[in-house]
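# Overview (structure and organization)
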Amino acid sequence: MQTIVTPVDRISRGPTRSRREPTPAQRDAAKARRDRFRVLAKRVADMTPDARQAFANDNGLLRTVQDRALSVFNTCLVYSQFPSATLVGGFQQWRKAGRCVRKGEHGAMIWVPIGKPRENPDGADFGKRDDDARPGFIVGTVFDVSQTDETGASESEDNSDA
């Protein structure tokens, strides 16, 4: 018996589109980017914690558009890729802040943790994830404020008028 999947059975995120297969050149470029990032991450990881902290202190810890501090490790990664960075954010973070990333800009890659930390019964964080959570980090991209343009009002201001 064959199972038929109807559109109602799927979680819809707008019109369904099939993703195009990347060309061999695009695959090669993506592999080269991943390889460059691995080398850069290894270089930062090989620094002693004191050297990373000194590097971050000399340049200043970076903050996100949501006013959160990046980790010392991610600060070192961003400064290694974009030495003049001042304030960073992801593509959607900039949109919510009323700015848009200019077309053609290349962001800095950072490590983004995945999974939620586990808490003990007293509410204190153990710093470990649940055993069933996916472990590790994924690569995320952040852009500096100098790579963005104002779009007008932020989305949060637009929603407050309703």
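Coordinates for the structure precede this section.
Residues numbered from 1 in each chain as written. Predicted model: local features only at pLDDT ≥ 70, side-chain atom pairs only at ≥ 80, totals over all residues. Heavy atoms only, no water.

### What about helix H3 (residues 72–81)?
Cut-off, in case you're wondering: The buried label applies to any residue whose accessible area, calculated with a 1.4 Å probe on protein chains only, is under 20% of its type's maximum; exposed applies above 50%, and partly exposed to all values in between. Helix and strand definitions here come from DSSP, where helices need a minimum of 4 consecutive H or I residues and strands a minimum of 2 consecutive E residues; each element is numbered from the N-terminal end. It only takes one pair of heavy atoms within 4.5 Å for two residues to be counted as in contact.
Every buried residue of H3 is accounted for by Asn74, Thr75, Cys76, Leu77, Val78 and Tyr79. Buried residues belonging to H3 abut helix H1 (24–46), helix H2 (49–59), strand E2 (87–89), strand E4 (108–113) and strand E7 (137–144).

### Concerning the packing of aromatic side chains
So the rule is basically this: The aromatic pairing rule takes the rings of Phe, Tyr and Trp, using the six-membered ring of Trp, and pairs them if the centres are within 6.5 Å, calling planes under 30 degrees apart stacked, those over 60 edge-to-face and the rest tilted.
As enumerated under the stated definition, the model contains two aromatic pairs in all. Geometrically, the ring pair formed by Phe55 and Tyr79 is edge-to-face, given 6.4 Å between the ring centres and 75 degrees between the ring planes. Residue Phe55 is found in helix H2, and its partner Tyr79 is found in helix H3; the two are separated by 24 residues along the sequence. A relative accessible area of 28% places Phe55 in the partly exposed class. Taking relative accessible area as the criterion, Tyr79 reaches 9% and is therefore assigned buried.

### Structural notes on the nonpolar core
For clarity, the threshold we go by: Definition of nonpolar core: a set of buried residues of the types Ala, Val, Leu, Ile, Met, Phe, Trp, Tyr and Cys, connected through side-chain atoms within 4.5 Å.
Ranked by size, the top nonpolar core spans nine residues in total: Leu62, Leu70, Val78, Tyr79, Ala85, Val88, Ala108, Ile110 and Val142. Looking at this core, the elements that each hand over two or more residues are H3 and E4. Those residues within four positions of Val142 in sequence are excluded, and the remaining contacts are Val78, Val88, Gly89, Gly90, Gly107, Ala108 and Ile110. Within the second largest apolar cluster, seven residues are counted, among which are Leu40, Val44, Cys76 and Leu77.

### Digging into the sheet that holds E4
In plain terms, the rule: Being paired, for any two strands, means DSSP has found at least two bridges between them. Note on geometry: axes are C-alpha line fits, over the in-contact stretch for helices, and angles between N-to-C directions span 0 to 180 degrees.
One open sheet accounts for four strands, arranged E1-E2-E7-E4; its pairing is mixed. Strands at the two margins of the open sheet, each flanked by one partner only, are strand E1 (63–64) and E4. Judged from the six bridges that link them, E4 and E7 form a sheet pairing that is antiparallel. Pairing of Trp111 across the sheet is with Val139, part of E7. Together, E4 and E7 form the strand contacts of H1, whose direction differs from that of E4 by roughly 70 degrees.

### Re the pairing of E7
Two faces make up the sheet, and in a regular strand the side chains alternate between them. Inspection of the sheet shows E2 paired to E7 by two bridges, in the antiparallel sense. Note that in E7 the partner of Val88 across the bridge is Asp144.

### With respect to the packing of H2 against H3
What counts is decided by this rule: Definitions for this section: a left-handed crossing has its near helix turned counterclockwise from the far helix by less than a right angle. A right-handed crossing has that turn clockwise.
The contact between H2 and H3 brings their axes to 9 Å, and the two run at 60 degrees. Regarding H2 and H3, the two cross each other, and that crossing is left-handed. Contact with H2, carried on its side by Arg52, Gln53, Phe55, Ala56 and Asn59, involves Val72, Phe73, Thr75, Cys76 and Tyr79 of H3 and no other residues of that element.

### A few points about the pattern of salt bridges
To be explicit about the condition: By convention in these notes, a salt bridge is any Lys or Arg side-chain nitrogen within 4 Å of a carboxyl oxygen on Asp or Glu.
One pass over the full model with this rule turns up eight salt bridges. Here Arg38 makes a salt bridge to Asp35, at a shortest N to O gap of 3.3 Å. Of this pair, Arg38 and Asp35 both sit in helix H1, three residues apart, roughly one helical turn. The partly exposed category is assigned to Asp35, whose relative accessible area is 32%. Beyond isolated ion pairs, a larger network of salt bridges with shared partners links Lys31, Asp35 and Arg38.

As far as function goes, none of this settles anything; it's purely spatial.
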